[in-house]
Amino acid sequence: MTTVLEVRDLRVVFGGVTAVDGVSFSVDDGQLLGLIGPNGAGKTTVMRSITGIVRPTSGNILLDGQRVTGLPIHRRMRRGLALSQQLVRPFREMSVIENVAFAAGYRKTGNPLKSLVTFDWTQERARATELLAMVEISSYADADTGSVPLGVLKRLEVARALALDPKVLLLDEPLAGLNSNEAVTLGDTIKRLNGDGLTVVLIEHNLGEVMRICPRLVVLDNGRKIGDGPAQEVMADPDVRAAYLGTGAGGSHAAA
Amino acid sequence: MTELALLVQGLLDGSIYALIAVGLTLVYGLLRILHVAHAALFTLGGYVGVVVTNETGSFILALVAAMIVAGIAGMIIYRLVYQPILHLPPYVALIASIGLFIAMQEGFRFYDEQGVSYVNPPVQGTLELAGQTLQLAKIVTFFVAIILIGGLGLLAAKTRTGVAWRATVTMPAMAESFGINIIQVRYINFFIGSALAAVAGVMVSLTTNLVEPTSGDVWSYKALAIIVLGGLGSMRGTLIACFALGVLEAFATTTCVPLGNIQICLGEIMNRDAIAFAFLVIVLMIRPQGLFVRA
Amino acid sequence: MEDLLNAYDMSLIRTAAVMVIMALSLNLITGFCGQISLGHAAFMGVGAYTSVVLSINGVDFILGTLAGMALAGILGILVGLTSLRVRHDFLAITTMGIVFLFSGIVEQSSFLGDTDGLSGYPHPAYGDFAYMVMTILLAIAVMLLSIYIRRSWMGATFKSIGDDEDTARILGIDVSLYKLAAFVMGTSLAGLAGSLYAHQTTIIQAENFGFIESITVLSMVVFGGVGSIAGVTVAAIVLTLLPLWSQFIGDYKLLFYGGLLFLMMRFAPYGLAGIVVRLQRLVFRRTGDTG
Ligand SMILES: Nc1ncnc2c1ncn2[C@@H]1O[C@H](COP(=O)(O)OP(=O)(O)O)[C@@H](O)[C@H]1O
Ligand SMILES: [Mg+2]
């Protein structure tokens, strides 16, 4: 197995708050990694450091064995990352399908000169249609992003990330705001994509879905890594139980 | 001209920038609006100062009247202009502010095209310092500015209300959750900021003995540059930037540096206002977050 | 045709055409890409002064215009580079500073005529009518260029940046490069407008390209509806001609522009285009076309 993504001794300090405190882990090609932990544990910050939205105080991010810590966000994305954000950020001036099609046009937008002489949207629209069907929001394709429910926007985020044809897909709480049926379906979709070879890092509070689809877990608490390994083993670890389950988000409870 | 004299000159000008910039920073801190129309309140203050002095013969009365009129005008601007558009993208308020500024300026032109002057100009006279002649009015301005801004700073630091006020300006959302009436604080900010701008307008009118519709323009444009230099929203940064710019202008317009066998005089390449903005652009190139804000 | 228009009419039309170019060029930066500029007239000034200085030195009008565009574009890149580094709010003030830098330097430079400006420079030998036709054609060309850009993938990318540049970055967009592209195109077209303007008048002075002029252009973009090509074109023509036609508006031009900017932002922040869209929605709702 080759390592595609590595987080090395990552530390992020905001003002006086240490959000991430020396976290390291690596993700192998084709893995589906669940990144869990209580609210405020630093999960989102780790993911934002991987993409470059947050500048780490120290530590490194490696993609395919190469350091990308100093690279701007767009360069990292073009090396095969894609992010579905916890807080949805659709382009408000584009419809649902246009949001996805625009992302799918990444080959056309790589360079301003090329983008200036390119007009065709057929392939991108076709790809966007496919992706909307995959996350089951086809019926909203032409809707205004201002007028659709949160559950649709969350899946739009996922579809838009997938449109970049990533090697590593980063998902920050994609199931939040979905009802339980929708969550299971999207969970299945993620699992299937992973089965087709896509590497996925999944932050999720819905522990039931996490345990169902993630073979491996990394657990953060208070900015530190307190668990890393096969899902069942990690969840059996007393430290993890104490720190994570002790906060009230009990496994059985969340799985319900 | 000696260095000392230039330094004093610069600090005196800096105090005028400070009177204007405090209001801009108060508004920016609370509403994230670049309050361009602030310039018109400077001019309004100048008009009230001259007219009331001429009518009543009392300069002090005129100064107070100018502060009250401009302060109330500032609150009205908040209520009628900014409050209804706060939820829109920030450029909306900025452009509205520019529009209001230009319209108010033209409104002054309706009132008086040529400008107004004191019949008996108060606080005239000059002082000699190190061979440099300084206008008494500028020195008075400096002390008025120090007293007003210093007093405000003391109030903000020492009194309960002051502390709440400061907290609101720096962290509006947080303050609101502590039950502070944020709308009231906004009105207070506009009143205080506008009153200080009016003081600047009146004091400048003493040195020029003329108030015209465009009197406030250049001062206020530069005050906008200053609050950006100061890091936007940081009162300490703003005040330092005010005096730094005043001193820089004093030196840059008169000092030449030898480069090989030619003399480079900044003052001959660009005028005073351009120097201020060149400074702004250069600083932002080096420190995009402003001079006095930690990255 | 030539006899139908007197010299005054032609000068009106030329002025309007130049302002259409100016407004559309700012629309590329502010409307398409979401970057506020309060100093657009400075780039027009760079184009005007470059072209005039060159024509005084015997350089051909077309070459001089191209040089003016190039210089304005280079300055635009410099301003664009600043815009990449500073927070959104800062950009407005930085671009405002450009105006003061421009006039501050021009008015101290004897070869640019100090505060007196430059006059008595040679004009291209096309004649008034041909010159007017040329300006109109160029204005149309800039309109077509705007439409072209809007329809291209670059237009979509600009839209995404104007909407939410952080998200654009996450989708792999090199936001900085695109912003620079917008600045270069917008400012060099302002340089074109500057050269055209300079050669249809007899004197240029720094104050022709100051803060108020920049705001006038911005008010055209805002009035037309930020980003809307048709709206901005109409607004540029109307706002140029109104003060010339109506004595009252002419006398209180600034009051009118200022009041307009203020009232538009206060009551119709999406401009003429926004009003049209709202009317359309109203009509469609009446006819039951939308749910
Ligand atoms: N931009 C920021 N500025 C300041 N503090 C932040 C910022 N982002 C996150 N934090 C803080 O960092 C900690 C970790 O947050 P986050 O990574 O969002 O946690 P999680 O995603 O695990 O819930 C929290 O205490 C949060 O308040
Ligand atoms: Mg989170």
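Given the structure is predicted, the values throughout are model-derived calculations rather than measurements. (Residues numbered from 1 in each chain as written. Chains lettered and ligands numbered in written order. Predicted model: local features only at pLDDT ≥ 70, side-chain atom pairs only at ≥ 80, totals over all residues. Heavy atoms only, no water.)

Take the overall build of chain A next. Scanning chain A from terminus to terminus reveals eleven helices and ten strands. A compact globule built from 256 residues would reach a C-alpha radius of gyration of about 18 Å, and chain A, at 18 Å, matches this within 12%. For chain A, the spread of C-alpha atoms along the three principal axes comes to 55 × 40 × 40 Å. Counting the 256 residues in chain A, one finds 53% classified as buried. By sequence separation, contacts in chain A at least 24 residues apart represent 66% of the contacts at least 6 residues apart. When the accessible surface of chain A is totalled, it reaches about 11000 Å², and 50% of it is carbon and sulfur. (Helix = DSSP H or I, 4+ residues; strand = E, 2+ residues; numbered from the N terminus. Rg over C-alpha atoms; globule rule 2.2 N^0.38 Å. Buried < 20%, exposed > 50% of the residue type's maximum accessible area, 1.4 Å probe, protein only. Contact = heavy atoms within 4.5 Å. Areas by Shrake-Rupley, 256 points an atom, 1.4 Å probe, with all protein chains shown as cover.)

The next thing to look at is the overall build of chain C. On a plain count of helices and strands, chain C comes out with 13 helices and two strands. At 19 Å, chain C has a C-alpha radius of gyration in line with the 19 Å of a compact globule built from 291 residues. Counting only C-alpha atoms, chain C reaches 65 × 45 × 35 Å along its principal axes. Counting every position in chain C, which comprises 291 residues, the buried fraction comes to 58%. Accessible surface, chain C: about 11300 Å² in total, of which carbon and sulfur atoms supply 65%. Charge-centre separation for chain C: the mean point of 14 positive side chains lies 16 Å from the mean point of 18 negative side chains. (Lys, Arg positive; Asp, Glu negative; His and termini not counted. Charge placed at Lys NZ, Arg CZ, Asp CG, Glu CD.)

Here we take up the interface of chain B and chain C. At the interface, 45 residues of chain B touch 38 residues of chain C. Here chain B and chain C share an interface that buries about 3800 Å² over both sides, 77% of which is from carbon and sulfur atoms. Applying the counting criterion to the chain B and chain C interface returns zero salt bridges. Run the count over chain B and chain C and you get two residue pairs in polar contact (both at pLDDT 80 or more). Where the side of chain B that touches chain C is concerned, the elements lending two or more residues are α3 (59–82), α4 (90–111), α9 (217–229), α11 (266–269) and α12 (272–286) of chain B. (Buried area = accessible area lost by both parts, 1.4 Å probe. Salt bridge = Lys/Arg side-chain N within 4 Å of Asp/Glu carboxyl O. Polar contact = N/O pair within 3.5 Å; in protein donor to acceptor, adjacent residues only side chain to side chain.)

Glancing now at the site of ligand 1. Residues and elements named next belong to chain A. The environment of ligand 1 is formed by Phe14, Ala19, Pro38, Asn39, Gly40, Ala41, Gly42, Lys43, Thr44 and Thr45. Take Gly40: an N or O atom from its main chain is 2.7 Å from an oxygen atom of ligand 1. At 2.5 Å from an oxygen atom of ligand 1 is found a side-chain nitrogen or oxygen belonging to Thr45. Top contributing element to the shell around ligand 1 by residue count: helix α1 (residues 43–51), with three residues. A per-class count over the shell around ligand 1 returns four nonpolar, five polar and one charged. (Near = heavy atom within 4 Å. Nonpolar A, V, L, I, M, F, W, Y, C, P; charged D, E, K, R; others polar.)

What follows covers the interface of chain A and chain C. Facing the 31 residues of chain A at the interface are 24 residues of chain C. The junction of chain A with chain C conceals about 2600 Å² of combined surface from both sides, 66% of it contributed by carbon and sulfur atoms. One can count 13 residue pairs in polar contact (both at pLDDT 80 or more) joining chain A with chain C. Broken down by secondary-structure element, the contributors of at least two residues to the side of chain A that touches chain C are α2 (73–77), α3 (96–104) and α4 (112–116) of chain A. Looking at the side of chain A that touches chain C, its residues break down into 15 nonpolar, eight polar and eight charged.

Residue and element names in this part refer to chain A. Once the domains are mapped, chain A shows domain 1 (1–80 + 166–256) and domain 2 (90–165). Each of domain 1 and domain 2 was reduced to a C-alpha centroid, and the two centroids are 25 Å apart. Each side of the interface is counted separately: domain 1 has 18 residues, and domain 2 has 15 residues. Interface of domain 1 and domain 2: buried area, both sides summed, is about 1300 Å²; carbon and sulfur atoms make up 68% of it. Looking only at domain 1, the three residues that lose the most surface to domain 2 are Arg78, Pro166 and Leu186, adding up to 36% of its buried area. Linking domain 1 to domain 2 there are one salt bridge. Two residues, Arg155 and Glu182, come together in a salt bridge whose shortest N-O distance is 3.3 Å. When contributions to the side of domain 1 that touches domain 2 are tallied by element, the ones reaching two or more residues are β7 (168–172) and α7 (180–195). (Domains from an automatic or database assignment.)

This paragraph deals with the sheet that holds strand β1 (residues 3–14) of chain A. All names here are of chain A. Strand order in the open sheet formed by four strands is β2-β1-β4-β5, with antiparallel pairing between adjacent strands. Whereas interior strands pair on both sides, the edge strands pair on one side only; in this sheet they are β2 (17–28) and β5 (66–67). As defined by bridge partners, strand β4 (residues 58–63) adjoins β5 across two bridges and the pair is classed as antiparallel. Looking across to β5, one finds that Leu63 is bridged to Gln66. Lying on the sheet, α1 is in contact with β1, β2 and β4; it crosses β1 at an angle near 115°. (Pairing = 2+ DSSP bridges. Axes fitted to C-alpha atoms, helices over the stretch in contact; angles between N-to-C directions.)

Let us now look at the packing of aromatic side chains. Aromatic rings considered in pairs are described by the distance between their centres and by the relative angle of their planes. Scanning all chains against the criterion turns up 24 aromatic pairs over all chains. An angle of 90° between the planes, with centres 5.1 Å apart, marks the rings of Tyr78 of chain B and Tyr187 of chain B as edge-to-face. Of the two residues, Tyr78 of chain B is situated in helix α3 and Tyr187 of chain B in helix α8 (residues 182–208); the sequence distance between them amounts to 109 residues. Residue class for Tyr78 of chain B comes out buried when judged on its relative accessible area of 0%. The exposure class of Tyr187 of chain B is partly exposed, given its relative accessible area of 25%. Relative to Phe209 of chain C, the ring of Tyr197 of chain C has its centre 5.8 Å away and its plane inclined at 85°; by these criteria the two rings are edge-to-face. Remark: Phe209 of chain C occurs in the loop between β2 (203–204) and α9 (211–224) and Tyr197 of chain C occurs in helix α8 (residues 175–198); sequence separation between them is twelve residues. (Phe/Tyr/Trp six-rings, centres within 6.5 Å; stacked < 30°, edge-to-face > 60°.)

Glancing now at the coordination of the magnesium ion (ligand 2). All names here are of chain A. Protein coordination at the magnesium ion (ligand 2) comes from Thr44 (OG1) and Gln86 (OE1), with a distance range of 2.0 to 2.3 Å. One end of the pair, Thr44, is in helix α1; the other, Gln86, is in the loop between β6 (81–84) and α3, and 42 residues separate them in sequence. We classify Gln86 as partly exposed; its relative accessible area is 28%. (Donors = N, O, S within 2.8 Å, 3.2 Å for Na, K, Ca; no water.)

All right, on to the packing of helix α5 (residues 128–151) of chain C against helix α6 (residues 153–163) of chain C then. Residue and element names in this part refer to chain C. Taken N-terminus to C-terminus, the directions of α5 and α6 make an angle of 75°; their axes are 4 Å apart at the nearest point. It follows that α5 is roughly perpendicular to α6 by the angle criterion. When α5 is examined against α6, the residues Ile149, Arg150 and Arg151 are found in contact with a partner set consisting of Trp153, Met154, Gly155, Ala156, Phe158 and Lys159. Here the residues of the contact of α5 with α6 are counted per class, giving five nonpolar, one polar and three charged. (Parallel < 35°, antiparallel > 145°, perpendicular 65-115°, else oblique.)

Residue and element names in this part refer to chain A. Within the fold, Val12 resides in strand β1. Between the C-alpha atoms of Val12 and Thr57, which are 45 residues apart in sequence, the distance is 4.9 Å. Val12 has contacts with Val17, Thr18, Ala19, Val20, Thr45, Ser49, Val54, Pro56 and Thr57, leaving out every residue within four places of it along the chain.

The subject of this paragraph is the arrangement of the chains. Looking at the two pairs of chains with contacts, the pair that accumulates the most is chains B and C. Between chain A and chain B there is no contact, and the shortest C-alpha to C-alpha distance separating them is 10 Å.

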